[in-house]
Amino acid sequence: MSVAREGGTGESFWEPGHYSRTVKRIDDGNRLCNEVLSCFQERARIEKQYAQQLTNWSKKWKSMVEKGAQYGTLEKAWHAFMLAADKLSELHLEMQQHLAGADSAKVKHWQKEAFHRQLVGGFKETREAEDEFCKAQKPWVKKLKEVEVAKRSFHGACKEERAAQVRENNGRADQSMAPDQLRKLQERVERSSQEMEKGRERYEKSLEDLNKYNPKYMEDMEQVFDSCQDSERKRLQFFKEVLLDFHTHLDLSSVDSFRTIYRDLHKAIVAANQQEDLRWWHNTHGPGMPMSWPQFEEWFPEANRAIHRKEKCGQVVEEVTLTNILPSSGSMSHSSPPQDSGVKDYSSDWSDDESPRKCASGSEEAVKVAAVRVRALYDYLGQEADELSFSAGEEFLKIGEEDEQGWCKGQLSSGQAGLYPANYAVPAHS
């Protein structure tokens, strides 16, 4: 039938039973729900593993950077990568929870509402679609079979009429054939021609009946098909919504906290200052370090005695050596103190009760140093409460000689007294 085989595929929807692909699509929809679940649950596991790997990576390298050779602001920038990894790990864990939790539950709930499994197997929706298609197609299939039967009968009659005609023609050409036999062949041709005409009439009549029923058949089939299309449309719309949900949870570029992570990381990297790091190294491990250069020291008997900074009569906190203590013995004449004892003056750090002179014998007395005006060569910011802070070029008084650690005691114009690195200042007149 030319209409049923339009396009030459022989698999037209209108042919008997070829609606089965539309019915099968219902079962495919249920299977696709399972595949979507499996797909994104696997992605959730990947996100969880990635989050754990980020955490492990951050923990490992945070320790290595802390113990490594890098220092200063660049070390902080390096550490910022590990901080960003920890925050990113949290975001991927949230993503995993969305994918494996709410998103998957949404698909399962819709699948349960859309597909109802029967006790005998299969789904209710599949069986209903199959029955509706079969009901719509059954009358048309019956007429189609009548057409096929009439066609075969007509084609058989045509074949028989053709064979009878050939036999008659051969009989006419055969001079030896009796007239009775030739007459029988002619009668056979006439009967065959009559049968062929009757077959043609039946064939045309059955085909006409089929074509008259075609509109009704097409209407019924399209009605069932539209019902299946509506169900499929709902599935396609739901899948689109689900995929958009997955996209929303996977697209970290739309998350403010994600953008903040890399914005802060960029700021930390840009904040790295090589000049500041080099200056820190210069002052901490280079020429900027304080140095107690060796100087001449007088020797005083029984004067090289170890006492402790911030001690209360024997309670040890920090040990220093006092070399400028004069003996109380009358046999020792008062000599001037050495130019540089090499000892840091900690007397300002002791209270009257904690003073080592009060804890030691009352006959010992510290040598006093004349104040000298000095000028700062560099900026210095005190790191401890007993250290001075000043700017390059500022002048103040030096009231204590440089100790063996390279520190002097000074007094600012504000009256504040404290310690400062000896090589950060020179006499003001120089």
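Quantities reported herein were computed from a predicted structural model and do not represent experimental measurements. (Residues numbered from 1 in each chain as written. Predicted model: local features only at pLDDT ≥ 70, side-chain atom pairs only at ≥ 80, totals over all residues. Heavy atoms only, no water.)

Caption draft 1: Focus on the confidence of the model for the chain. Averaged over all residues, the pLDDT of the chain is 82; the fraction at 70 or higher stands at 82%. The weakest mean pLDDT in the chain belongs to strand E4 (residues 365-366) at 36; the strongest belongs to helix H1 (residues 20-67) at 95. This stretch, residues 1-9, has a pLDDT under 50; its non-local contacts, to residues over four places away or in other chains, come to 7 contacts. The model gives residues 303-367 a pLDDT under 50, and that stretch makes 111 contacts with residues more than four places away or in other chains. (pLDDT = per-residue confidence, 0-100. Helix = DSSP H or I, 4+ residues; strand = E, 2+ residues; numbered from the N terminus. Contact = heavy atoms within 4.5 Å.)

Caption draft 2: Layout of the nonpolar core. Counting residues in hydrophobic clusters, the biggest one holds 47 residues, and the most contacted among them are Leu88, Phe133, Trp140 and Met221. At the level of secondary structure, the elements contributing two or more residues to this core comprise H1, helix H2 (72-114), helix H3 (124-173), helix H4 (179-250) and helix H5 (256-270). Discounting chain neighbours no more than four positions away, the residues touching Leu88 are Tyr50, Leu54, Leu252, Phe258, Ile261 and Tyr262. (Core = buried A, V, L, I, M, F, W, Y, C linked by side-chain atoms within 4.5 Å. Buried < 20%, exposed > 50% of the residue type's maximum accessible area, 1.4 Å probe, protein only.)

Caption draft 3: The pairing of strand E8 (residues 417-421), seen in detail. Of all 5 residues in E8, 4 are buried, a share of seventy percent or more. With antiparallel pairing between neighbouring strands as the criterion, strand E7 (residues 407-411) and E8 make up a hairpin whose turn holds 5 residues, including Gly415 at a positive phi of roughly 100°. (Pairing = 2+ DSSP bridges.)

Caption draft 4: Looking closely at the pattern of salt bridges. Enumeration according to the criterion identifies 22 salt bridges in this entry. In this structure, Arg31 and Asp28 form a salt bridge, with 2.6 Å as the shortest nitrogen-oxygen distance. Taken together, the residues Arg31 and Asp28, both in helix H1 and 3 residues apart, mark about one turn of the helix. A salt bridge links Arg127 to Asp131, with the shortest nitrogen-to-oxygen separation between them at 3.9 Å. With Arg127 and Asp131 both in helix H3 and 4 residues apart, the pair spans about one turn of that helix. Using a relative accessible area of 45% as the deciding quantity, one classes Arg127 as partly exposed. What makes Asp131 partly exposed here is its relative accessible area of 40%. Three or more residues are tied together by salt bridges with common partners; here these are Lys24, Asp28, Arg31 and Glu35. (Salt bridge = Lys/Arg side-chain N within 4 Å of Asp/Glu carboxyl O.)

Caption draft 5: Region of interest: the sheet that holds E8. Spatially, E8-E7-E6-E5-E9 is the arrangement adopted by the 5 strands of the open sheet, whose pairing is antiparallel. Every interior strand has two partners, whereas the edge strands, E8 and strand E9 (425-427), have only one. The mean inter-strand angle of the sheet, taken between neighbouring strand axes irrespective of direction, is 50°. (Axes fitted to C-alpha atoms, helices over the stretch in contact; angles between N-to-C directions.)

Caption draft 6: The arrangement of the packing of aromatic side chains in detail. Under the defined criterion, the tally for this structure stands at 22 aromatic pairs. For the pair Phe258 and Tyr262, a centre-to-centre distance of 5.1 Å together with 65° between the ring planes defines the contact as edge-to-face. Placement of the pair is Phe258 and Tyr262 together in helix H5, with a separation of 4 residues, close to one helical turn. For Tyr262, a relative accessible area of 39% translates into the label partly exposed. Taking the centre distance of 5.8 Å and the plane angle of 35° together, the rings of Tyr380 and Phe390 count as tilted. Here Phe390 lies in the loop between strand E5 (372-376) and strand E6 (395-400) and Tyr380 lies in the loop between E5 and E6, a separation of 10 residues in the sequence. Phe390 matches Tyr380 in its accessibility class, with the two residues each being buried. Following the ring pairs from residue to residue traces out a cluster consisting of Phe13, Trp14, Tyr19, Phe133, Trp140, Tyr217 and Phe225. Positioned over the ring face of Tyr213 is Lys143, at 5.8 Å from the centre of the ring. Arg235 extends its terminal NZ or CZ atom over the ring of Phe239, reaching a point 4.8 Å from the ring centre. (Phe/Tyr/Trp six-rings, centres within 6.5 Å; stacked < 30°, edge-to-face > 60°. Lys NZ or Arg CZ within 6 Å of the ring centre and 35° of its normal.)

Caption draft 7: Here's a closer look at the pairing of E6. Taken together, the 4 bridges between E5 and E6 define a ladder with antiparallel strand orientation. Of the residues in E6, the one forming a bridge with Val374 is Phe396. Pairing analysis gives 3 bridges linking E6 to E7, with the strands arranged antiparallel. Paired with Lys398 across the two strands is Gly410, which belongs to E7. Connecting E6 to the next strand, E7, in antiparallel fashion are 6 residues, including Gly406 with a positive phi near 90°.

Caption draft 8: A look at the side chain of Glu161. Within the secondary structure, Glu161 sits in helix H3. Despite being buried, Glu161 has no salt bridge partner; Arg162 is the closest side chain of opposite charge, sitting 6.7 Å away. (Lys, Arg positive; Asp, Glu negative; His and termini not counted.)

Caption draft 9: Here's a closer look at a nonpolar patch on the surface. Together, Trp57, Trp78, Phe81 and Ile269 make up a nonpolar patch on the protein surface, roughly 380 Å² of accessible area in all. Counting through the fold element by element, Phe81 comes out in helix H2. We classify Phe81 as partly exposed; its relative accessible area is 37%. (Patch = residues over 30% accessible without salt bridge, like charges linked within 9 Å, V, L, I, M, F, W, Y side chains within 5 Å. Areas by Shrake-Rupley, 256 points an atom, 1.4 Å probe, with all protein chains shown as cover.)

Caption draft 10: Spatial organisation of the environment of Phe239. If you trace the backbone, Phe239 turns up in helix H4. Assessed through its relative accessible area of 14%, Phe239 is described here as buried. Sequence-wise, Phe239 and Cys33 are 206 residues apart; in three dimensions their C-alpha atoms are separated by 8.5 Å. For Phe239, the residues in contact, after removing those within four places along its chain, are Leu32, Cys33 and Val36.

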